Amino acid sequence: MNYLIIGASSGLGRDLAYTFAKNKNNLILVSRDKKDLTAIKSDIELKYKVNVKILICDFSSIDDINSKLLIDDKIFENLKGILFPIGNMFENDNIELNAQNVQSIIFANYLSVTHVVSKLKKYLLLNDKSSIVGFGSVSGVLGRKFNSNYAASKRALESYFESLAFESLDNMINLQFYILGYLNTNLSFGQNLKIPKGSTKKLSKMVYKNLNIKFKKIYYPFIWSIIIFVLKIVPFSILLKLNRIFK
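Residues numbered from 1 in each chain as written. Predicted model: local features only at pLDDT ≥ 70, side-chain atom pairs only at ≥ 80, totals over all residues. Heavy atoms only, no water.

Q: Please explain the overall build of the chain as it appears in this structure.
A: Within the chain, the secondary structure is distributed over 8 helices and 7 strands. Here the chain has a C-alpha radius of gyration of 18 Å; the compact-globule value for 247 residues is 18 Å, and the two agree. Along the first, second and third principal axes, the C-alpha atoms of the chain reach 55 × 40 × 30 Å. Across the 247 residues of the chain, 48% fall into the buried class. When the accessible surface of the chain is summed, it comes to about 13,500 Å², and 55% of that surface belongs to carbon and sulfur atoms. Once the 34 positive and 19 negative side-chain charges of the chain are each reduced to a mean point, those two points are 8 Å apart. (Helix = DSSP H or I, 4+ residues; strand = E, 2+ residues; numbered from the N terminus. Rg over C-alpha atoms; globule rule 2.2 N^0.38 Å. Buried < 20%, exposed > 50% of the residue type's maximum accessible area, 1.4 Å probe, protein only. Areas by Shrake-Rupley, 256 points an atom, 1.4 Å probe, with all protein chains shown as cover. Lys, Arg positive; Asp, Glu negative; His and termini not counted. Charge placed at Lys NZ, Arg CZ, Asp CG, Glu CD.)

So this is what it looks like as structure tokens:
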């Protein structure tokens, strides 16, 4: 069986590729980074003796997705699952961000996922207990001053996976959605964070272990489930006042 991993050249996507390959699954790996994908393909095929196909594609562009990923139906034969460990943000992402960059953020983080799922779901339905795995962010729980559009797109993605869960009651597709806090990736390297970073290797093993669960929504690292619970029960007006006090 084949698993399609979008954003597989580094961080969580890379660890997912190694975890799934270790468990003897063939892979279709997608990223913009040809050099890293080529190296990962060679290493995985040598270590685990599985087949790895790589596709170079920019997931912030619908033209790239249509012309480079969705152009050949044959590669999706025996497709068992799709994983979306992708994210796109801009350093100056706030409510004044220009429309072109906002469009790029929303497409990469949300619309690209809905587009690919709508096109490839028919292949997943051909296999029993196939899977779709999405990854949100704790930043999407509340509106925010910084990374505003990134947070909005991740909140939309969470709602979309909840909708998929209702639809999956009538089919054999299993769903996982992970709401991620800080991870030990290049994005958090060197930052003095007050909350521990989660291991991407540990998370990749958790994802594989949960593949046969009908629907699961998980905060990772787990401490964020407690933090988010508190944030959700505090009235938003009070959160705004606290922000002014501690700003």
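Now that the structure has been shown, the text picks up again.
Q: Before we go on, may I ask you to explain the pattern of salt bridges in this structure?
A: Opposite charge on two side chains makes pairing possible when the charged atoms of those side chains draw close. Inspection of every chain in the model, using the stated rule, returns 8 salt bridges. In this structure, the salt-bridge partner of Glu 158 is Lys 217, at a minimum N-O distance of 2.9 Å. Of this pair, Glu 158 sits in helix H5 (residues 148-168) while Lys 217 is found in strand S7 (residues 215-220), placing the two residues 59 residues apart along the sequence. Taking the relative accessible area as the measure of exposure, Glu 158 reaches 13% and is therefore buried. Sharing partners across several salt bridges, the network here consists of Glu 158, Glu 162 and Lys 217. (Salt bridge = Lys/Arg side-chain N within 4 Å of Asp/Glu carboxyl O.)

Q: Looking at this structure, I do not really get a nonpolar patch on the surface. What am I missing?
A: A contiguous nonpolar patch, built from Phe 222, Ile 226, Phe 229, Val 230 and Ile 233 and spanning about 550 Å² of accessible area, is present on the exposed surface. In this structure, Val 230 sits in helix H7 (residues 223-233). Relative accessible area serves as the criterion here: at 41%, Val 230 is assigned to the partly exposed category. (Patch = residues over 30% accessible without salt bridge, like charges linked within 9 Å, V, L, I, M, F, W, Y side chains within 5 Å.)

Q: When you look at the pairing of strand S1 (residues 2-6) in this model, what are you seeing that I'm missing?
A: When a strand is regular, its side chains alternate between the sheet's two faces. The buried count for S1 comes to 5 of 5 residues, which makes it a mostly enclosed element. Side chains of S1 alternate between two faces, with Asn 2, Leu 4 and Ile 6 and Tyr 3 and Ile 5 buried alike. Note: S1 against strand S2 (residues 26-31), 5 bridges, orientation parallel. Considered in S2, the bridge of Asn 2 is made with Asn 26. Of the strand pairs in this sheet, S1 and strand S4 (residues 79-84) are connected by 4 bridges, and their pairing is parallel. The partner of Leu 4 across the bridge, within S4, is Ile 82. (Pairing = 2+ DSSP bridges.)

Q: Looking at this structure, how should I read the packing of helix H1 (residues 11-22) against helix H2 (residues 34-48)?
A: In helix packing, the relevant descriptors are the interaxial angle and the interaxial distance, both defined with respect to the helix axes. The contact between H1 and H2 brings their axes to 10 Å, and the two run at 20 degrees. When the axis of H1 is compared with that of H2, the two are roughly parallel. Here the hand of the crossing between H1 and H2 comes out right-handed. Along the contact surface, H1 presents Arg 14, Ala 17, Tyr 18, Ala 21 and Lys 22, while H2 presents Ile 40, Asp 43, Ile 44, Lys 47 and Tyr 48. Class assignment of the residues belonging to the contact of H1 with H2 gives a composition of 6 nonpolar, no polar and 4 charged. (Axes fitted to C-alpha atoms, helices over the stretch in contact; angles between N-to-C directions. Parallel < 35°, antiparallel > 145°, perpendicular 65-115°, else oblique. Left-handed = near helix turned anticlockwise from the far one by under 90°. Contact = heavy atoms within 4.5 Å. Nonpolar A, V, L, I, M, F, W, Y, C, P; charged D, E, K, R; others polar.)

Q: Can you walk me through helix H4 (residues 99-124) in this structure?
A: Since the α-helix turns once every 3.6 residues, residues separated by three or four places project in the same direction. Compared with an ideal rise of 1.5 Å per residue, which puts 26 residues at 38 Å, H4 spans 35 Å between its outermost C-alpha atoms and is within 8% of the ideal. Here H4 starts with a cap whose side-chain oxygen sits 3.2 Å from the backbone nitrogen of Gln 100, and that cap is Asn 98. (Expected span 1.5 Å × (residues − 1). Polar contact = N/O pair within 3.5 Å; in protein donor to acceptor, adjacent residues only side chain to side chain.)

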